[in-house]
Amino acid sequence: MGLFDSFKRQVSHHETPEVSIPPASHAEEKDEGLEDARVVEREVCAEPAADEPVDEGMHTFVATPLRTYADKKPVKHVVGATKVIAILNQKGGVGKSTTAINLGAALGELGKQVLLVDLDPQGNTSSGLGIEKGELDRCVYDVLIDDETTLLDVIVPDVCDGLDVAPATINLAGAEVELVSAMARENRLKEAIGSVRGKYDYVFIDCPPSLGLLTVNALVAADKLLIPIQCEFYALEGVTKLLDSMKRVKTYLNPSLDIFGVLLTMYDGRTTLSKQVASEVRGFFEKLVFDAVIPRSVKVSEAPSFGQPITEYDPTGKGAQAYRDLAKEVVRRG
Ligand SMILES: Nc1ncnc2c1ncn2[C@@H]1O[C@H](COP(=O)(O)OP(=O)(O)O)[C@@H](O)[C@H]1O
Ligand SMILES: [Mg+2]
């Protein structure tokens, strides 16, 4: 599928097809959500305001409202118990957001319903899926801070097959500070995610590269952890600290928390270093390490700038294949 509002909106007046306003009943059909979005877009694009200069041949940016959860396509299968998995490593640049996007999309391809909760103020998961953060009036920040905003209020549905996103904007950076004085500050995300249990097969939380209050919220909300480890020097550096944090949260706040799996990322089979790191990580985490290994691939790093998961940007490449293998393993692990 892969229809991204931000890209759809960049159409020229000349490319805009004739407006055909559907009968009222059409708009009420829930599964026509995307079509509706297109119709709205056409309406907006087709008639430039009288005072608006029309520059022949120039591409014009026309904003339309982002889709909301109410526009979500109907789910065709029975969704079982929702598994909430936090993607966590306090090191930056190890492939957390890349894994959230591509594992989510690969599970979507398998017919699963997946929600990505972007808990990183940088919002890489949101922008990597083509969501224009500047156009959001609310994000995960509001869910955590404002009792009136629910997770469903901020979800952008069907960014690709089966994949919804609760996006983050830079506002989320404020939450780290504002939560300090809030009631039940460690439980905010858990409560929010509780309200969507039963609607998704998997909820992935893309964590920020720190062990602050946002990450603690993820550790409390999660059933399990997925830890991406980059195949480079010092791969295991900081892992002890991460495991300590996990143990503390497990003792005091979330007794059932455990590691779901450890993922080797940016593996370069041509280097001895990658092989050494992989074997070191397998020695340390043993069976917890996924068989699927994510290769270092230029296509994987390019895909976010096109607002697409690798399964759409380069569907037959080795990156897409690795994330599909991972998705199957995730399903097998239950
Ligand atoms: N398998 C890969 N091959 C090549 N580049 C990758 C791969 N995975 C991630 N990257 C790139 O590495 C950088 C960090 O990845 P990212 O997922 O943003 O890490 P994190 O979320 O842990 O900070 C990004 O520029 C991303 O595009
Ligand atoms: Mg990230």
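In this text, all values refer to a predicted model and were calculated from it rather than measured experimentally.

Asker: Quick question: what am I supposed to make of the overall build of the chain here?
Answerer: Helix and strand content of the chain: 15 helices and eight strands. Across the 334 residues of the chain, 51% fall into the buried class. For the chain, long-range pairs separated by at least 24 residues make up 80% of all intrachain contacts whose partners lie at least 6 apart in sequence.

Asker: Is there a simple way to think about the site of ligand 1 in this case?
Answerer: Around ligand 1, a shell composed of 14 residues is seen, among which Gly 93, Ser 97, Thr 98, Pro 295 and Ser 297 lie nearest. Within the backbone of Pro 295, one N or O atom sits 2.8 Å away from a nitrogen atom of ligand 1. A distance of 2.9 Å separates a nitrogen atom of ligand 1 from a polar backbone atom of Ser 297. Taken by itself ligand 1 offers 560 Å² of open surface, and the protein chains cover 80% of this. Going through the elements one at a time, α4 (96–109), β8 (289–295) and α13 (298–302) are the ones with two or more residues in the shell around ligand 1. Examining the composition of the shell around ligand 1, we find that three residues originate from one element, α4, more than from any other. When the residues that make up the shell around ligand 1 are grouped by side-chain class, the tally is five nonpolar, seven polar and two charged.

Asker: Looking at this model, I keep getting lost on the environment of Leu 88. Mind explaining?
Answerer: Following the sequence through the fold, Leu 88 ends up in the loop between β1 (83–87) and α4. A sequence separation of 130 residues divides Leu 88 from Ala 218, and the C-alpha atoms of the two residues are 8.7 Å apart. Leave out the neighbours within four places in its chain, and Leu 88 touches Lys 96, Cys 207, Thr 215, Leu 219, Leu 225, Leu 226, Ile 227, Pro 228 and Leu 242.

Asker: Before we go on, may I ask you to explain the sheet that holds strand β3 (residues 156–160) in this structure?
Answerer: Two modes of strand pairing occur in sheets, parallel and antiparallel, and in both the strands are linked by backbone hydrogen bonds. Within the open sheet, the eight strands sit side by side as β3-β4-β2-β5-β1-β6-β7-β8. Their pairing is mixed. The open sheet has two free edges, formed respectively by β3 and β8, since each of these has just one partner strand. In this sheet, neighbouring strand axes are inclined to one another by 25° on average, regardless of whether the strands run parallel or antiparallel.

Asker: When you look at helix α15 (residues 318–333) in this model, what are you seeing that I'm missing?
Answerer: Spacing of three or four residues puts side chains on the same side of an α-helix, whose turn is 3.6 residues. For α15, which comprises 16 residues, the first-to-last C-alpha distance of 22 Å matches the rise-based estimate of 22 Å (1.5 Å per residue) to within 8%. All buried positions along α15 are accounted for by Gly 319, Ala 320, Ala 322, Tyr 323, Arg 324, Leu 326, Ala 327, Glu 329 and Val 330. One or two positions beyond α15, positive phi appears at Gly 334, with a value near 85°.

Asker: Looking at this structure, I do not really get the packing of aromatic side chains. What am I missing?
Answerer: Two descriptors summarise a pair of aromatic rings, namely the distance from one centre to the other and the angle between the planes of the rings. For the coordinates displayed, the defined rule picks out five aromatic pairs. Ring centres of Phe 284 and Phe 285 lie 4.8 Å apart, and the angle between their planes is 75°; on these two criteria the pair is classed as edge-to-face. Of the residues examined, Phe 284 reaches a relative accessible area of 46% and is grouped as partly exposed. Judged by its relative accessible area of 6%, Phe 285 is buried. With 4.9 Å between their ring centres and 25° between their planes, Phe 306 and Tyr 313 make a pair best called stacked. For Phe 306, a relative accessible area of 43% translates into the label partly exposed.

Asker: What should I look at first to understand the layout of surface pockets in this one?
Answerer: Empty space within the largest pocket amounts to approximately 430 Å³. As for the largest pocket, its lining consists of 25 residues, of which Gly 93, Gly 95, Lys 96, Thr 98 and Met 266 are closest to the centre. Here the lining of the largest pocket takes four residues from α4, the largest share from any one element. Grouping the constituent residues of the lining of the largest pocket by class yields ten nonpolar, twelve polar and three charged.

What counts, and at which threshold
- Residues numbered from 1 in each chain as written.
- Chains lettered and ligands numbered in written order.
- Predicted model: local features only at pLDDT ≥ 70, side-chain atom pairs only at ≥ 80, totals over all residues.
- Heavy atoms only, no water.
- Helix = DSSP H or I, 4+ residues; strand = E, 2+ residues; numbered from the N terminus.
- Buried < 20%, exposed > 50% of the residue type's maximum accessible area, 1.4 Å probe, protein only.
- Contact = heavy atoms within 4.5 Å.
- Near = heavy atom within 4 Å.
- Polar contact = N/O pair within 3.5 Å; in protein donor to acceptor, adjacent residues only side chain to side chain.
- Areas by Shrake-Rupley, 256 points an atom, 1.4 Å probe, with all protein chains shown as cover.
- Nonpolar A, V, L, I, M, F, W, Y, C, P; charged D, E, K, R; others polar.
- Pairing = 2+ DSSP bridges.
- Axes fitted to C-alpha atoms, helices over the stretch in contact; angles between N-to-C directions.
- Expected span 1.5 Å × (residues − 1).
- Phe/Tyr/Trp six-rings, centres within 6.5 Å; stacked < 30°, edge-to-face > 60°.
- 1 Å grid on protein atoms, 1.4 Å probe; cavity = no way out; pocket = protein on both sides within 12 Å on 5 of 7 lines; lining within 4 Å.
- Points joined across faces, edges and corners; volume = space filled by probe spheres on them.

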